[in-house]
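Coordinates in review
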Amino acid sequence: MAGLHKLVRKAVLPAAGLGTRFLPATKAQPKEMLPVVDKPLIQYAVEECVASGIENIIIVTGRGKNAIEDHFDTSPELERFLEDHGKSDRAEMVRQISHMVRFSYTRQKEPLGLGHAVLTARDLVGDEPFAVLLGDVILTSEVPATRSLAEVYEATGCGAITVEQVPREKSHLYGIVDARPAPGQRWGDRLLRVNDLVEKPKPDAAPSNLAVTGRYVLPPVIFEHLERIKPGAGGEIQLTDALRMLAKEEGLWALIYEGRSYDAGDKLGFLKANVEIALDNPEFGEDFRAYLKSLKL
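Residues numbered from 1 in each chain as written. Predicted model: local features only at pLDDT ≥ 70, side-chain atom pairs only at ≥ 80, totals over all residues. Heavy atoms only, no water.

**Considering the packing of aromatic side chains**
Pairs of aromatic rings are described using the distance from one ring centre to the other and the angle between the two planes. Enumeration over the complete set of coordinates arrives at 5 aromatic pairs. Ring centres 6.4 Å apart and planes at 15 degrees place the aromatic pair F103 and Y105 in the stacked group. The class of Y105 is partly exposed, set by a relative accessible area of 26%. Arranged with centres 5.1 Å apart and planes meeting at 5 degrees, the rings of F130 and F223 form a pair that is stacked. (Phe/Tyr/Trp six-rings, centres within 6.5 Å; stacked < 30°, edge-to-face > 60°. Buried < 20%, exposed > 50% of the residue type's maximum accessible area, 1.4 Å probe, protein only.)

**Quick look at the pattern of salt bridges**
Enumeration according to the criterion identifies 21 salt bridges in this entry. Put simply, R95 and E79 hold a salt bridge, and the shortest N to O gap is 3.3 Å. With R95 in helix α4 (residues 88-99) and E79 in helix α3 (residues 76-84), this pair connects stretches of sequence that are 16 residues apart. Taking the relative accessible area as the measure of exposure, E79 reaches 12% and is therefore buried. (Salt bridge = Lys/Arg side-chain N within 4 Å of Asp/Glu carboxyl O. Helix = DSSP H or I, 4+ residues; strand = E, 2+ residues; numbered from the N terminus.)

**Points about the layout of surface pockets**
Taken as a whole, the largest pocket spans an internal volume of roughly 1,900 Å³. Lining the largest pocket are 48 residues, with R21, L134, D136, V137 and D263 positioned closest to its centre. Looking at the lining of the largest pocket, the elements that each hand over two or more residues are α5 (114-120), β8 (159-165), β10 (191-199), β11 (210-218), α9 (239-249), β13 (260-263) and α10 (267-279). Its residues assigned to classes, the lining of the largest pocket shows 20 nonpolar, 15 polar and 13 charged. The volume enclosed by the second largest pocket comes to roughly 300 Å³. (1 Å grid on protein atoms, 1.4 Å probe; cavity = no way out; pocket = protein on both sides within 12 Å on 5 of 7 lines; lining within 4 Å. Points joined across faces, edges and corners; volume = space filled by probe spheres on them. Nonpolar A, V, L, I, M, F, W, Y, C, P; charged D, E, K, R; others polar.)

**Some points on the side chain of T61**
Structurally, T61 can be placed in strand β4 (residues 56-61). Judged by relative accessible area, T61 falls into the buried class, the value being 2%. In this structure T61 touches A15, A16, E69, Y105, T106, R107 and Q108, once residues within four positions along its chain are discounted. (Contact = heavy atoms within 4.5 Å.)

**What about the packing of α3 against α4?**
Where α3 meets α4, the axes come as close as 7 Å, and the angle between the chain directions of the two elements is 165 degrees. When the axis of α3 is compared with that of α4, the two are roughly antiparallel. Considering only the axes of α3 and α4, their crossing is left-handed. Contacts between α3 and α4 involve L78, E79, L82 and E83 from the former and S88, R90, A91, V94 and R95 from the latter. Of the residues that constitute the contact of α3 with α4, the class distribution is 4 nonpolar, 1 polar and 4 charged. (Axes fitted to C-alpha atoms, helices over the stretch in contact; angles between N-to-C directions. Parallel < 35°, antiparallel > 145°, perpendicular 65-115°, else oblique. Left-handed = near helix turned anticlockwise from the far one by under 90°.)

**Some remarks on the environment of L255**
Secondary-structure assignment places L255 in strand β12 (residues 252-256). The class of L255 is buried, set by a relative accessible area of 2%. Through-space distance from the C-alpha of L255 to that of V101 is 26 Å; in sequence the pair is 154 residues apart. Every residue in contact with L255, bar those within four places of it in the chain, is listed here: S148, L149, V152, I161, T162, V163, W187, R190 and L191.

**Some words on the environment of V12**
Positionally, V12 belongs in strand β1 (residues 10-14). Distance from V12 to L23, taken between C-alpha atoms, is 25 Å for residues 11 residues apart in sequence. The contacts of V12, once residues within four sequence positions are left out, are I58, V60, A121, V125, F130, A131, V132 and L133.

**A short note on the side chain of R215**
Assignment of secondary structure puts R215 in strand β11. A distance of 2.7 Å separates the side chain of R215 from the backbone oxygen of V137, its partner in a polar contact. (Polar contact = N/O pair within 3.5 Å; in protein donor to acceptor, adjacent residues only side chain to side chain.)

**Here's the deal with a nonpolar patch on the surface**
On the surface, a nonpolar cluster with roughly 380 Å² of combined accessible area is contributed by Y291, L295 and L297. Topologically, L295 is positioned in the segment after α11 (285-294). (Patch = residues over 30% accessible without salt bridge, like charges linked within 9 Å, V, L, I, M, F, W, Y side chains within 5 Å. Areas by Shrake-Rupley, 256 points an atom, 1.4 Å probe, with all protein chains shown as cover.)

**Concerning the pairing of β4**
For β4, a buried count of 6 out of 6 residues is recorded, marking the element as mostly surrounded by other parts of the structure. Alternating positions in β4 separate into two faces, N56, I58 and V60 on one and I57, I59 and T61 on the other, with burial throughout. With 6 bridges connecting them, β4 and strand β5 (residues 102-107) associate as parallel partners. Of the residues in β5, the one forming a bridge with T61 is R107. (Pairing = 2+ DSSP bridges.)

This is the structure:
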């Protein structure tokens, strides 16, 4: 029954990675600040949080990531310049970026994996459920993915992750869930009970074709699991290992995502995101579509 469990009010956005897949563009700027059409990559995740009812966003940063904090900070000089030059609409757009939600920052001093980045936010999260959004994954749907996961948690008290179907021959690129149907829930066939997770299995060893897509809502007990697991390859603490513990000991849901997704942390995925999101732009989408059709491909 809804209302028995704490509301999901906080989100953690890990943004301390080195962005090696985008070198040399990320040598001196954060990958999270690369523009997808007219907004930095991380802003899409922040806007999803706002649309999902999140009140406090905790961004886990690292060295060389100051541009992220600057982007979400106030910019009175820029606002004043725009106002003085008759660009009040742009001034308001800039103003809204810093007032969307309450931001907190903590620093991951070493790149020791996604699980370690989440653990770094423990003190700021406290003893309450929270969302985790991978900022290089853009999800677009009528109901935000994070909102859907929050509703699952608030109704059941168990953590939840988004999954989507991928070609089985590409299972080695993703974390794949071993899950079973969970009848009786209002999400129908979309909601599954997770038995286990397998990180990047070979196609013939994959338990399903359902891949984890970078959105999580987790109970605070996940921090205890993150402290218990041993570092894996490269000394990294993997979130997947903690999720496996959570699935076995407290329970974990997988919600099949309905919408479009872009792995914008990959160069090809980044280009696809730019093209498709640009086509949806009300200002210049039709002109861009006409331009693409004019190309001799």
